[in-house]
Amino acid sequence: QVQLVESGGGLVQPGGSLRLSCAASGSIFSINAMGWYRQAPGKLRELVAVITSGGSTNYTDSVKGRFTISRDNAKNTVYLQMNSLKPGDTAVYYCYSEIVRRGYWSWRAYWGQGTQVTVSS
């Protein structure tokens, strides 16, 4: 009943920018942490960025200073602003949210469908 819908991926040149968004919908009681994973061809999936319900953030070292994660709690939406993109950022990006459904007693992780980001000249 809970869904995450991603948007904002695409093809950009090195040095360009993209903004990803992910909106949660359904029978939601509350949302804890939200974040973004990515998986590049031939590589392991990695956590890119996470933001808590209180606004604290963490980033993997390779994106620090270039990416910014944010959230709009009123819209149940998380964003990833990606600047100074590099070819190494090419991957499928997946959002996730730790969500408590209405009528339930604990949270679990929900995943978006994935959006392709390609950085190439």
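Every value quoted in this text rests on a predicted model; they were computed, and no experiment measured them.

J.: Tell me about the overall build of the protein, and name the residues and values.
T.: Regarding its fold elements, the protein presents zero helices and eleven strands. In terms of C-alpha radius of gyration, the protein reaches 14 Å, essentially the compact-globule figure of 14 Å for 121 residues. Projected onto the principal axes, the alpha-carbon positions of the protein cover approximately 50 × 25 × 25 Å. Counting across all 121 residues of the protein, residues that qualify as buried make up 41%. Taken as a whole, the protein presents about 6500 Å² of accessible surface, with 48% of it coming from carbon and sulfur.

J.: A description of the nonpolar core should follow, citing residues and the corresponding values.
T.: Counting 29 residues, the largest nonpolar core has Trp36, Val48, Phe67, Leu80, Met82, Tyr93 and Ile99 as the members making the most contacts within it. When contributions to this core are tallied by element, the ones reaching two or more residues are β3 (18–25), β4 (28–39), β5 (46–51), β7 (67–72), β8 (77–82), β9 (91–101) and β11 (115–119). Excluding its chain neighbours within four sequence positions, the residues that come into contact with Val48 are Trp36, Tyr37, Arg38, Asn58, Tyr59, Thr60, Val63, Phe67, Leu80 and Tyr93.

J.: Let's hear about the packing of aromatic side chains: which residues, and what values?
T.: The full count for this structure, using the stated rule, is four aromatic pairs. Relative to Trp111, the ring of Tyr96 has its centre 5.8 Å away and its plane inclined at 40°; by these criteria the two rings are tilted. One end of the pair, Tyr96, is in strand β9; the other, Trp111, is in strand β10 (residues 108–111), and 15 residues separate them in sequence. Its relative accessible area of 7% is what places Tyr96 among the buried residues. An aromatic cluster is built from Tyr37, Tyr96 and Trp111, whose rings are joined through pairwise contacts.

J.: Any details on the pairing of strand β1 (residues 3–7)? Residues and values, ideally.
T.: Residue alternation in β1 divides its side chains into a buried set, Leu4 and Glu6, and an unburied set, Gln3, Val5 and Ser7. As paired strands, β1 and β3 are joined by five bridges and run antiparallel to one another. The residue bridging Leu4 from the neighbouring strand is Ala24, located in β3.

J.: Give me the lowdown on the state of the cysteines, citing residues and values where you can.
T.: Scanning the model with the defined rule gives one disulfide in all. One disulfide bridge connects Cys22 with Cys95, the sulfur atoms lying 1.9 Å from each other. Taken together, the positions of Cys22 in strand β3 and Cys95 in strand β9 put the pair 73 residues apart, joining distant regions of the chain. Both residues of the pair, Cys22 and Cys95, count as buried.

J.: Would you mind going over the pattern of salt bridges in detail, with residue names and values included?
T.: For the structure on display, the rule yields four salt bridges. Of the charged contacts, one joins Asp89 and Arg38 as a salt bridge, the two residues approaching to 3.0 Å between their closest N and O atoms. Of this pair, Asp89 sits in the loop between β8 and β9 while Arg38 sits in strand β4, placing them 51 residues apart in sequence. According to the relative accessible area criterion, Asp89 is buried, its value standing at 2%. On the basis of relative accessible area, Arg38 is assigned to the buried category, the value being 6%. In this structure, Arg66 and Asp89 form a salt bridge, with 2.8 Å as the shortest nitrogen-oxygen distance. Placement of Arg66 in the loop between β6 (57–59) and β7 and of Asp89 in the loop between β8 and β9 is noted, with a sequence separation of 23 residues between them.

Calculation criteria
Every chain is numbered independently, its residues counted from 1 as its sequence is written. For a predicted model such as this one, the threshold for reporting local features is a pLDDT of at least 70, and the threshold for listing and counting side-chain atom pairs is 80 or more; totals across whole chains, interfaces and linings nevertheless cover every residue. Heavy atoms from the whole structure form the basis of all side-chain values; hydrogens and water molecules are not counted. Think of it this way: any DSSP run of H or I at least four residues long counts as a helix, any run of E at least two long counts as a strand, and we number them from the N terminus. C-alpha atoms define the radius of gyration, and 2.2 Å times the number of residues to the power 0.38 defines the globule rule. A simple rule labels every residue: compare its accessible area, found with a 1.4 Å probe on the protein chains alone, to the largest value its type can have, and call it buried under 20%, exposed over 50%, or partly exposed in between. Areas reported as accessible are Shrake-Rupley estimates using a 1.4 Å probe. Residue values count occlusion only from the protein chains shown. Side-chain atoms within 4.5 Å link the members of a nonpolar core, which is a set of buried Ala, Val, Leu, Ile, Met, Phe, Trp, Tyr and Cys residues. Contacts between residues were defined by any pair of non-hydrogen atoms, one from each residue, lying within 4.5 Å. Each Phe, Tyr or Trp ring, with Trp reduced to its six-membered ring, pairs with another whose centre is within 6.5 Å; inter-plane angles below 30 degrees give stacked pairs, above 60 give edge-to-face pairs, and intermediate values give tilted ones. Here, a strand pair is defined by DSSP locating no fewer than two bridges between the strands. Note on terminology: pairs of cysteine sulfur atoms within 2.5 Å are recorded as disulfides. Definition used for salt bridges: Asp or Glu carboxyl oxygen within 4 Å of a side-chain nitrogen of Lys or Arg.

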